[in-house]
Amino acid sequence: MNDGTAPRQCAAEAYIRVLSQGRTLEHALETLPAHKALEARDRAFARYILATSFRRLGQTHAVLSAFLTKPLEETAPYARALLITGATQILWMDIPPHAVVSSAVKLAEQRPETRKLKGMINAVLRNVDRTGRQKAKMLPPQDNLPEWLRTSWRKNFGPAAMNRMILAGLETPPLDLTVKDPARREHWAGELGARILPTGSLRLDKIGDVTALPGYDEGAWWAQDAAAAIPARLLKLPAGSSVIDMCAAPGGKTLQLAAAGYQVQAVDSSDPRLKRVRANLQRTGLEAEIHSGDGRKWKPREQVDGVLLDAPCSATGTFRRHPESNWIKDAGDPRKFGKIQRELARAAAKMIKPGGQLVVCTCSLQVEEGEFLSGDIQKNIKTLQLDPISPDEIPGLENALTKRGELRLTPALWNDVGSMDGFFIARFRKSG
């Protein structure tokens, strides 16, 4: 199919996989044989449809429901996916409606379970075109956030910050880069046409093909959200110190630590994800020992000077870059991950020499995986004392410091330059 139907089919099929299997958007697309067969432009189009479908899922769902005689949830899965991805293109992507409707009907005709529904799909999408846009304008952006997250964020950050976070999630995020050699930061900013953010990351407004950018092949930089680049910078140890990057994949923090001159051991329980760490090390010419294992059980040969623990979490802070994430999580996830986080912190404390440092972070906006986690570590791991982060260590983010000296980053920050992911970061010192 070369009429634009193929990428639309991939988007609809991936939409089903994301919600039914809890897969990430990228995994759902990459594991579709039809997606692999597409040209690069069509693959990008399929991803754009899918990402926008999840960014605007609540509003799109509400518009469609106004034109259906029974709840959207009761519609056959593939027909539902065609309606969601089709309405998304009409409402939010400024794509000619006739092309959207025609493709959706063609795709419905190809399957026995949706062939009888092609008339309904045609009528509903035409109604979306005729009056749906006006209905969409009346719907608040908050509809695009599951209610459990809306309640949590409103309570913990306030209505104004919650609204800024939600609006940040509606925009395609910029591309942030970490430069291997800080002395070359201005050079690469000029080469790439990027801004230098207060914390040192480079920011490009358009993503495009990252591998085609100057400096990629020589490993001069790597893609890493500005928020994700901060934890490694808060490990303050002399060059040559021994450090462990726990839960290291995909490797951005490992690269930072190696570039800072530390002797790095990168540990992760996922062998496939460790392949990305190895590939990133090879591309950048940096070195680190790679270890496959569960950080709760794996033990280093000897104690080290510092540990960076980027603990598994609900990842609700990454919804700008992974708009599907909040639709495949539920209110029980923070508690489930909290147990793992505490076990990893206890294991990490045993790996560190007296006087050494532990930096703990999560890419979560849930207090259970941030402020509560830090408080639990302070209370229950007697060898660790909070080592407060000082304002001069985080230029441009001084207001993100908690009263205890932890760092709470949210997408409500830096909205004027493109926002950032949500992160919580706390630093500890091991007693002698």
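Visitor: Is there a simple way to explain the packing of helix H4 (residues 40-55) against helix H6 (residues 77-92) in this structure?
Guide: For any two helices packed against each other, the geometry comes down to the angle between their axes and how far apart the axes lie. It is at 9 Å that the axes of H4 and H6 come closest, and there the two elements cross at 90 degrees. Here H6 runs roughly perpendicular to H4, going by the angle between their axes. The residues of H6 that touch H4, namely those facing Phe-45, Ile-49, Thr-52 and Ser-53, are Ile-84, Thr-85, Thr-88, Gln-89 and Trp-92.

Visitor: Sorry, what's going on with unusual backbone geometry here?
Guide: A negative phi angle characterises most non-glycine residues, just as the trans form characterises most peptide bonds. In this structure, the amide linkage connecting Ala-249 to the following residue, Pro-250, adopts the cis form with an omega of 10 degrees. Within the secondary structure, Pro-250 is located in the loop between strand S5 (242-246) and helix H14 (252-259). The phi dihedral of Asp-94 falls on the positive side, at around 55 degrees, and the residue is not glycine. Turning to its location among the elements, Asp-94 is positioned in the loop between H6 and helix H7 (97-109). The phi torsion at Cys-247 lies on the positive side, around 55 degrees, for a residue other than glycine. Among the structural elements, Cys-247 can be located in the loop between S5 and H14.

Visitor: Teacher, can you tell me more about the pattern of salt bridges here?
Guide: Between side chains of opposite charge, pairing is possible as soon as their charged atoms come close. One pass over the structure, following the stated rule, counts 25 salt bridges. Across the salt bridge formed by Glu-343 and Lys-339, the nearest N and O atoms sit 2.6 Å from each other. Of this pair, Glu-343 and Lys-339 both sit in helix H16 (residues 333-351), four residues apart, roughly one helical turn. Residue Lys-339 is classed as exposed on the basis of its relative accessible area, which comes to 55%. Two residues, Arg-404 and Glu-406, come together in a salt bridge whose shortest N-O distance is 2.9 Å. Judged by relative accessible area, which is 37%, Arg-404 ranks as partly exposed.

Visitor: Where do I start with the environment of Leu-237 in this structure?
Guide: Tracing the chain through its elements places Leu-237 in the loop between helix H13 (230-233) and S5. Overall, Leu-237 belongs to the buried group, its relative accessible area being 17%. A sequence separation of 112 residues divides Leu-237 from Leu-125, and the C-alpha atoms of the two residues are 59 Å apart. Apart from the residues lying within four places of it in its own chain, the contact partners of Leu-237 are Val-243, Tyr-262, Asp-305, Gly-306 and Gln-357.

Visitor: So what exactly am I meant to see when it comes to helix H1 (residues 5-21) here?
Guide: Each full turn of the α-helix corresponds to 3.6 residues, which orients residues three or four apart in the same direction. If you check H1, its first and last C-alpha atoms are 24 Å apart, about what 17 residues at 1.5 Å a residue would give, namely 24 Å. Of all 17 residues making up H1, 12 are buried, and the element is well covered by its neighbours. Of all the residues in H1, the buried ones are Thr-5, Ala-6, Pro-7, Arg-8, Gln-9, Cys-10, Ala-11, Ala-12, Glu-13, Ala-14, Tyr-15 and Val-18. Considering only its buried residues, H1 is in contact with helix H2 (25-30), helix H3 (33-36), H4, helix H5 (57-65), H6 and H7. Once H1 finishes, Gly-22 follows within two positions and takes phi at roughly 65 degrees, a positive value.

Visitor: How do you make sense of the side chain of Asp-421 when you look at a structure like this?
Guide: By the secondary structure assignment, Asp-421 is in the loop between strand S11 (407-409) and strand S12 (423-430). For Asp-421, a relative accessible area of 5% gives the class buried. Asp-421 has contacts with Asp-225, Ala-227, Gly-317, Thr-318, Arg-320, Arg-321, Leu-409, Thr-410 and Pro-411, leaving out every residue within four places of it along the chain.

Conventions we followed
Residues numbered from 1 in each chain as written. Predicted model: local features only at pLDDT ≥ 70, side-chain atom pairs only at ≥ 80, totals over all residues. Heavy atoms only, no water. Axes fitted to C-alpha atoms, helices over the stretch in contact; angles between N-to-C directions. Helix = DSSP H or I, 4+ residues; strand = E, 2+ residues; numbered from the N terminus. Parallel < 35°, antiparallel > 145°, perpendicular 65-115°, else oblique. Contact = heavy atoms within 4.5 Å. Salt bridge = Lys/Arg side-chain N within 4 Å of Asp/Glu carboxyl O. Buried < 20%, exposed > 50% of the residue type's maximum accessible area, 1.4 Å probe, protein only. Expected span 1.5 Å × (residues − 1).

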